[in-house]
Structure formats: C-alpha cells, structure tokens
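# Observations on the model geometry
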Amino acid sequence: MKNSLTQLAIILAYILISNTSFSQSKKESYKNKTFKLEKYEVLDISFNSKKQIISPFEVDFGAKFIKPDGSELTVQGFYNDSREWILRFSANEIGDWNYTTFSSVKILNNKKGKITVSKAKPGKHGAVVINKNDPKKFAYEDGSTYFLQAFEIDWLFALDYDNPNAAPKTEHLLNLISKNGFNQVVTTLYSYDVRWEKDDRLKLHPEHEFGSRDDIFPFLGSNSKPDHSSLNVTFFKRFDRIVSLMHDKNIVANLMIYVWNKKVKWPKPGSLEDDRFFDYVMKRYQAFPNVVWNISKEAFRQTIPYMSERIERAKKLDAYNRLVTIHDFRKADEVPIDFISYQGGWSTLYTKMIEEYKKYDKPVVNIENAGYSESSYMVFPCDFIIAEECLKRNYQCYFAGVYTNYYWQALAWNVMVYNPYEQEDDFLKPKFEYYKYLKEFFDKYDYQKFKPVWDERRIGHCLKSDDGIYLYYMAKENYQLSIYSNKGIGLKQGTYQWFNTHTGEYSKEIKYEGKHILNPFHRSVDAILIRNTNK
C-alpha cells in the first residue's frame, strides 16, 4: 500500500488546483474596443445581443480584419450561450490589426476595433505547418523544428467534465506526457463507448471507466436519446479548457471531429444538424494555433463523397489554414489533405512505411501502428502490447521517414488512468520514459536533417544526413553492422557511438578504423548506432 501521507498530499494538491482558475484564452468585452495581444496567443472578444435571438447558431457573425501589411482576414465568430457571441482571434504578425464586424443581427454588426499585436512569448512558435524545405516533414510557423511525437487519448473531453471550475486531472496528465516528450495529443471531440468486451477488473475501479456517459453530449439530450436540433454549448466550453491547456503547454491538438466506431449517434450525414455541428466546431477552434483538423477517425467506415465534402468544407471555413488530415481514408491521395494519417500494423511495418514515404510528397503519420502498450487493464485485444515492442514499432516508423502515434491501453480509449505513477505498486505502469529518450535523441540529431536510406544496407534501418551522419536502428537480434565498402559509411575516418533506446544513455565515442561494427547491445536491448564520417 502507498504511504497514506503521500496519498493525502496528492488529494490536497488537486483540491488546491481545483480552486484556482485554470488556464484559458484571454477574454475581453467589446466595450474596450482596443486590445493588446502577443503573437500566437488567443483572444476572445465578447459581444452581447441584449435580447435572445431565435436560432442563434444560424446567425451570421464574424469580422473582417485588416492585417498590418494591408491584406484582409475574414474570421467567423460563434454563439456562446446567454446572448453572448465570441470573436476568437489569434495573430501571426506583429502590428495593428483593425477589424469591423459583420452580422445578420443589427446590434452585432459594424462594430469596429483594433488589436495591437506584440512579439511572441519565448517558446511560442505558432501553428504546425509543412516544412518549406522538405514537404515530407513538419515545422513550426516561425520556421522552428517540429518533431511530431503523438499520444492518443480519445476520451480526454470527459476527464474533468464534472468539474465546472477547473481541469486539474487534465492538467496533471498533460504535464506528465509533455515532460516525457509528447507534443501532440490525438483525441476525439466526442466518443460514447467502445464496441468490444470490457475488462472485469474495471468493476473494482469505476473511477477509471469513462464510457457510456449519458450526461456528456455535444448536442441536446443524450447519446441514448439525442436531440440534434441544437448544440450543448456547455460541452464546448469544457472542451475549450482542454485545447487552451494544450496550447499553453505547446501540445498540438489533433482534433478528430467525428468517430464512427465508438457508438456515437451522430446526425444524419450532410443534414442541417450535421452541418451546424461541423461548422460550429470549425468556427470555435480555428483560432487556436495548436489545432490540427482530423476530419474523422475510422473514415473508411463512411462514404467517400461525404468525407471528401467534409474536407472541402473545412478548408473553406478555416480562415487560418490549419493543417487538415483524415484518419485512415481509402482515397487519401484524391482529396486536398495536408498530410497522410495512415493506419496499419503489419509484421513488415518498416518496409510498408518506406513505401508510404516514397508514395507521397507530403508528411505521413502512421496514426495507428498496432502497438498498444499494455496496462493492468486489457482494454483492447490487439496485436502488440509489450512496451519494448511498441517502442520498436515507433522507431521503425521514424526510421522510415514517417511519424507515428503512441497508445497506452489505460489512456487511449474509454479507460483513463490519468495518474499512473500514483497507482498501487502492483499496477502495471507505462514506460513513458522511453519516449522522452526518443524525443531527446531526435532533438540532438535533428530529424528534419535526416532522410531514410533503404538501398545502401540490408541490415538495420538507416537515416542519413547530408553532412555525413548515419543513424542505424539496430534491433537486439543484430550481432553487428557488416561493412564491406571503404566508401560512404565505410570510410576509414570519423567516429561511431551507441545510443541505448531504453535508458537514453550514450556510449563513449570511438574512432572508426574500418570494417564491421559489433553491437555491444546484442541480445539485450535495441540501440542506435551513430556513425559520423566527418570527425
């Protein structure tokens, strides 16, 4: 049993957090008219209609902004309940942004104001975009490196839903994954429940079960008895907290708007109710620089024309041009998505990912590679569950030049253990530290500068930089890297050293004298051989 004082300290900490204001977008009343804002931060300007408006979600409301360079940006606003409309804004240029509202409601129309934007806070780099120097890689808007390391948490919307004042559990979880190298969360806007059989052990810990919550629903009514005639603004206000917290912590929100295998009773595709929902999501979250639009999880379960229309609709509605993708869409090469979100977990994973890398002139993310790291709950019966094998599969993706997404069984779906390291001693803990070491490795050896090499060697997966650095992923089964040439990696110059993927430790750098390089981690652990031909 854990020490009772430790448990009490944790509880008191959460109480303290719960009674303090959570991080949220900056909010100002239009009465002030003039505002100050830092670059890449988010500002909510609040307008009041004074009287209740019939069909408020159908009201046309937004603003035309004149940028510092004189060009225009048209941003849609949204209804926020209680006769309040919000104009949510962020800027990627320093200077004065003058705006004029437009609306089908007279009192909201033709309101003028100015936002003066100053330089960004340290560590803020803007939205994730396609790298201008390599269309197969990502970067930040300001040109900084962005090495995508994602974590799937589909029920994140539910974790603190019962707390109207704060989101302490969400903050705890985001802090935990952030310090372990994850900088993107793949999450559904809403899910109801899973279709597979649940672990009986959950009955002993109902606090970890978040499926079938009929008190949480983005529409009126409940998922069991839906009323799609209007939207539940409270749901979206709670979701704002999550996106805002991720923005503060420099975590990208890979937002899956629909999901088709989690028992959600959506409106009829393409109906007025469906369009209202989709458009509202786009209006409400597009100003967040950390948002990436993932139109649908399991998109192959829907019709191709409908999913294609949703992609086109997102592109038209989003004034900020955030990246758009779609999870496992069979016609991904025929629609205007910005990067590929692929689902596949074969035994020949590396070879398949090389094929995908070669196929597309845009980034590829294996968003579900069949590695679902185990916990004390067997949440989903799947192909690969051992932590070390899941880590290997993630490395195989990166060494094929693509990105990937991590699953831990006690967070990915309806089961959420947001504080795994505070659980009882016999609870099977995740190996998050493996991914901290992975991220640190590719920060040191900038992933942007490396490309996969699949035709120079038959053993080991290789990344190579233009300045003569070779990285070889060497599985523990590899006895050595056999080198028969005196060219390229076989040049009798430079150095080599090893990186332990489980501990993050580096070996001593050794002068290369030619010939084969024995693997000191043979039979024990997967490692990376770093061969620098320049030193």
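Keep in mind that what you see is a predicted model, and the values were worked out from it rather than measured.

### What about the overall build of the chain?
On a plain count of helices and strands, the chain comes out with eight helices and 30 strands. For the chain, whose C-alpha radius of gyration is 25 Å, the value lies close to the compact-globule estimate of 24 Å for 535 residues. In terms of overall dimensions, the chain has C-alpha extents of about 80 × 60 × 50 Å along its principal axes. In the chain, which comprises 535 residues, the proportion classed as buried is 59%. Taking the intrachain contacts of the chain between residues at least 6 apart in sequence as the baseline, contacts between residues at least 24 apart amount to 71%.

### Details of the sheet that holds strand β2 (residues 34–38)
Read from one edge of the open sheet, five strands run β2-β9-β8-β4-β5, paired in mixed fashion. Whereas interior strands pair on both sides, the edge strands pair on one side only; in this sheet they are β2 and β5 (72–76). With direction set aside, neighbouring strand axes in the sheet form an average angle of 25 degrees. Summarising the sheet, strand β8 (residues 95–103) and strand β9 (residues 112–118) pair through six bridges and their orientation is antiparallel. By the bridge assignment, W97 is partnered in β9 with I115.

### Quick word on the sheet that holds strand β6 (residues 78–79)
Strand order in the open sheet formed by four strands is β1-β3-β7-β6, with mixed pairing between adjacent strands. Of all strands in the sheet, those with a lone pairing partner are β1 (26–29) and β6, marking the two edges. Across two bridges, the pairing between β6 and strand β7 (residues 84–90) is antiparallel. Bridge pairing in β7 links Y79 to W85.

### Observations regarding the pattern of salt bridges
For the coordinates displayed, the defined rule picks out 29 salt bridges. Residue K315 pairs with D338 through a salt bridge whose shortest N-O separation is 2.9 Å. Taken together, the positions of K315 in helix α5 (residues 304–317) and D338 in the loop between β18 (324–325) and β19 (340–343) put the pair 23 residues apart, joining distant regions of the chain. Relative accessible area serves as the criterion here: at 30%, K315 is assigned to the partly exposed category. Each of D274, D275, D279, E309, R310 and R313 takes part in a single network of salt bridges with overlapping partners.

### Digging into the pairing of strand β24 (residues 461–465)
Among the five residues that make up β24, four are buried, leaving the element largely enclosed by the rest of the structure. Alignment of strand β23 (residues 450–453) against β24, held across four bridges, turns out to be antiparallel. Looking at the pairing, V453 lines up with C462 of β24. For β24 and strand β25 (residues 469–474), the ladder comprises four bridges, and the chain directions are antiparallel. Within the sheet, the bridge partner assigned to K464 lies in β25 and is Y470.

### Topic: the nonpolar core
In this structure, F65, Y99, I115, F277, Y285, F442 and L471 are the most contacted members of the largest nonpolar core, which totals 162 residues. Looking at which element gives the most residues to this core, the answer is helix α3 (residues 233–248), with eight residues. Not counting chain neighbours up to four residues away, the residues in contact with L471 comprise F399, F441, F442, Y445, F450, H461, C462, L463, I528, L529 and I530. Listed in part, the 16 residues of the second largest apolar core include C462, Y470, Y512 and F521.

### Concerning unusual backbone geometry
In the Ramachandran plot, Y40 falls in the positive-phi region, its phi being about 75 degrees despite a non-glycine side chain. Along the chain, Y40 turns up in the loop between β2 and β3 (42–48). Phi at E298 is positive, roughly 55 degrees, even though this residue is not glycine. Summarising the element assignment, E298 is placed in the loop between β17 (291–297) and α5. Its relative accessible area of 5% is what places E298 among the buried residues.

### Things to note about the packing of aromatic side chains
The full count for this structure, using the stated rule, is 73 aromatic pairs. Between F380 and W413, the aromatic rings sit 5.3 Å apart at their centres with planes inclined by 55 degrees, giving tilted as the arrangement. With F380 in the loop between β21 (372–373) and α7 (387–399) and W413 in the loop between β22 (403–408) and α8 (433–444), the pair connects residues that are 33 residues apart, well separated along the chain. W413 sits in the buried class, given a relative accessible area of 2%. Summarising the aromatic geometry, the rings of Y398 and Y447 are spaced 5.8 Å apart at their centres and angled 85 degrees between planes, so their arrangement reads as edge-to-face.

### Considering the packing of α3 against helix α4 (residues 272–285)
Two quantities define a packed helix pair, namely the angle between the axes and the distance from one axis to the other. At a minimum axis distance of 12 Å, the contact between α3 and α4 shows a crossing angle of 40 degrees. Overall, the two elements α3 and α4 adopt an arrangement that is oblique. In the packing of α3 onto α4, the handedness of the crossing is right-handed. From α3, V233, F236, K237, F239, D240 and V243 reach across to α4, where they touch F277, Y280, V281, R284 and Y285. Of the residues contributing to the contact of α3 with α4, the split by class is eight nonpolar, no polar and three charged.

Rules of the game
Residues numbered from 1 in each chain as written. Predicted model: local features only at pLDDT ≥ 70, side-chain atom pairs only at ≥ 80, totals over all residues. Heavy atoms only, no water. Helix = DSSP H or I, 4+ residues; strand = E, 2+ residues; numbered from the N terminus. Rg over C-alpha atoms; globule rule 2.2 N^0.38 Å. Buried < 20%, exposed > 50% of the residue type's maximum accessible area, 1.4 Å probe, protein only. Contact = heavy atoms within 4.5 Å. Pairing = 2+ DSSP bridges. Axes fitted to C-alpha atoms, helices over the stretch in contact; angles between N-to-C directions. Salt bridge = Lys/Arg side-chain N within 4 Å of Asp/Glu carboxyl O. Core = buried A, V, L, I, M, F, W, Y, C linked by side-chain atoms within 4.5 Å. Phe/Tyr/Trp six-rings, centres within 6.5 Å; stacked < 30°, edge-to-face > 60°. Parallel < 35°, antiparallel > 145°, perpendicular 65-115°, else oblique. Left-handed = near helix turned anticlockwise from the far one by under 90°. Nonpolar A, V, L, I, M, F, W, Y, C, P; charged D, E, K, R; others polar.

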